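Observations on the three-dimensional arrangement
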Amino acid sequence: MIASTSEVYGDPLVHPQTEEYYGNVNTIGPRGVYDEAKRFQESITMAYHSFHGVETRIVRIFNTYGPRMRLNDGRVIPAFIGQAIRGEDLTIFGDGMQTRSFCYVDDQVEGIFRLLHSDYVYPVNIGNPDEITIKDFADEIIKLTGTNQKIVYRPLPENDPLQRQPDITKAKEILGWDVTINRADGMKITYDYFKSLSRDELAKEEHKDFSKYMN
């Protein structure tokens, strides 16, 4: 079983994204090395399945969150929560109208588990189709944390996807899977986890060096 990603769709021209959509990826852009690596991973997996008869599963994972995320991993949820806890303004890249769809980790794991034990060999989206703009999400974080930070805007990175929403029809029909935890409940659990950490733990987590694991 391989962990693929919604990034195989690139900056999508189809919305929501179905598994049949081939994607819109700039192969030589700054994000291309990750996107194309995942696309190749899917290709070589299917080649081994088709030619050698290897039993395979491919899960396309959309944005996932929950306790134990790393504050410095670059994803929007720990970034926003970390800034809120430290009393800093929340940073949005672009105009904030780009969208994401966040799936709580328990739902994600259940979907992956069901796919693993199925007999379906083609890619399956596992994610929460509840789409939200980054600007609205920043407002939710400010309300959740009870802070009064401002939102500051920075230039949008090149080729950053403007829409992200999974079509989970296949997961529902083939796996009998659907999301069970809404964003409000999942974000409260996630925020309570970070809030429970001491200042020393937060500082240690924020500055932890993970480069030695990135081969």
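Residue numbers run consecutively from 1 along every chain, following the written order of its sequence. Reporting of local features is limited, given that this is a predicted model, to residues whose pLDDT is at least 70; pairs of side-chain atoms are given and counted only at 80 or more, and all residues count toward the totals for whole chains, interfaces and linings. With hydrogens and water excluded, all non-hydrogen atoms of the structure serve as input to the side-chain values.

Here we come to the environment of isoleucine 28. Note on conventions: DSSP H or I runs of at least 4 residues are helices, E runs of at least 2 residues are strands, and numbering of each starts at the N terminus. Mapped onto the elements, isoleucine 28 comes out in the loop between strand E1 (2–5) and helix H1 (32–52). On a C-alpha basis, the gap between isoleucine 28 and lysine 170 in space is 31 Å, while along the polypeptide they are 142 residues apart.

Salt bridge, as used here: a side-chain nitrogen of Lys or Arg that lies within 4 Å of a carboxyl oxygen of Asp or Glu. The full count for this structure, using the stated rule, is 17 salt bridges. Among the salt bridges present, the one from glutamate 7 reaches arginine 31, with a minimum N-O distance of 2.6 Å. On the criterion of sequence distance, the pair formed by glutamate 7 in the loop between E1 and H1 and arginine 31 in the loop between E1 and H1 is long-range, its members being 24 residues apart. Only protein chains enter the calculation, and the probe is 1.4 Å; a residue is then buried if its accessible area is under 20% of its type maximum, exposed if over 50%, and partly exposed in between. Overall, arginine 31 belongs to the partly exposed group, its relative accessible area being 27%. With its nearest N and O atoms 3.0 Å apart, the salt bridge here joins aspartate 130 to arginine 183. Note that aspartate 130 is positioned in the loop between strand E7 (123–126) and strand E8 (131–133) and arginine 183 in helix H6 (residues 183–196), a separation of 53 residues in sequence. Overall, the relative accessible area of 37% leaves aspartate 130 in the partly exposed class.

None of the figures reported here should be taken as evidence of function without further support.
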